[in-house]
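# Structure at a glance
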Amino acid sequence: MAKVAGRKIKVYAGTGPSAVAVAGGRSDSISINNESTDVTDKSSAGWRELLDDASVRSVDITASGLIDGPGLIGQALGATTALLGQYEVRIEGIGTASGQFHFSSYEIEAAHDGAGEYSMTLASSGPITWVVTP
Amino acid sequence: MPAEFETQRALFSALQALGLRAYDVAPQAADGASLAVFPYVEVGAIVFSPMDAKDRNGFDFVARIHTRSRTASMKETKDIQGQVYARMHNGEIEIQGQSLILLRREMSDVTRVSDGSFHGVCEYRGLIETV
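These remarks concern the structure in this document. (Residues numbered from 1 in each chain as written. Chains lettered and ligands numbered in written order. Predicted model: local features only at pLDDT ≥ 70, side-chain atom pairs only at ≥ 80, totals over all residues. Heavy atoms only, no water.)

Here a ring pair, both rings aromatic, is described through the centre-centre distance and the interplanar angle of the planes. Under the defined criterion, the tally for this structure stands at seven aromatic pairs over all chains. Summarising the aromatic geometry, the rings of Y106 of chain A and Y118 of chain A are spaced 5.7 Å apart at their centres and angled 10° between planes, so their arrangement reads as stacked. Of this pair, Y106 of chain A sits in strand β6 (residues 95–109) while Y118 of chain A sits in strand β7 (residues 117–132), and the two are twelve residues apart along the sequence. Taking the relative accessible area as the measure of exposure, Y106 of chain A reaches 18% and is therefore buried. Classification of Y118 of chain A by relative accessible area gives buried; the value is 3%. Centroid distance F38 of chain B to Y40 of chain B: 5.2 Å. Interplanar angle 50°. Geometry classified as tilted. The class of Y40 of chain B is buried, set by a relative accessible area of 5%. (Phe/Tyr/Trp six-rings, centres within 6.5 Å; stacked < 30°, edge-to-face > 60°. Helix = DSSP H or I, 4+ residues; strand = E, 2+ residues; numbered from the N terminus. Buried < 20%, exposed > 50% of the residue type's maximum accessible area, 1.4 Å probe, protein only.)

Here it is as structure tokens:
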């Protein structure tokens, strides 16, 4: 199987060829959540049992890096009705996960003796599509 | 030119603009004595570390600026160090091909050399990104 460097996993705002990589990104964390439904009962002989299908499925993205331009701050502080947008996670050579995400938070860290840094979180809203790179 | 050289060039130019005699490595006599006219400064050794983002490369560098003085006290060395600090600390320098994010002095020291001269060392840390 092909291994992949962390720098080849990027978060993009938008979809398709016009999508733009989130500027200044240094570390991204993507979690895919399949919430389980616990159906354990007296007949389970003390072992937990879960339903085969997830109750709620979601993808959360946490991205952090160096502040580079006004784009993300503008999006975070933009009109409250414009917080849902299309985003993609591209894993070079492996595949792309895309869908609609809610821009949940944006934090700025500004030490006097370092570069300004940000961290942001995106929470999926609706289905996420996974396309494997041919 | 590489970031290493352009950074040195930018620091060098800023020091010269202060009216200081600046060298990469000061000329030496065969016995190791300095052939440069005192006082002078040297900026040569710069340690670079990567400071990359996923979409752009950058560097975190530390440049050592040496001050050499041959007077009866440390005052001349400290005066020069102060002059460089006033120019460089949180200052701007133009590095070709790079965008400066930060420049600041991290430490400053003066020692007496066995030949009776004074050697001042200041470390300047900079953050740059390739444009």
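Now for the layout of surface pockets. All names here are of chain A. Approximately 380 Å³ is the volume attributed to the largest pocket. Taken together, 16 residues line the largest pocket, and the ones lying closest to its centre are I32, V59, A97, I128 and W130. A class-by-class count of the residues in the lining of the largest pocket yields ten nonpolar, five polar and one charged. (1 Å grid on protein atoms, 1.4 Å probe; cavity = no way out; pocket = protein on both sides within 12 Å on 5 of 7 lines; lining within 4 Å. Points joined across faces, edges and corners; volume = space filled by probe spheres on them. Nonpolar A, V, L, I, M, F, W, Y, C, P; charged D, E, K, R; others polar.)

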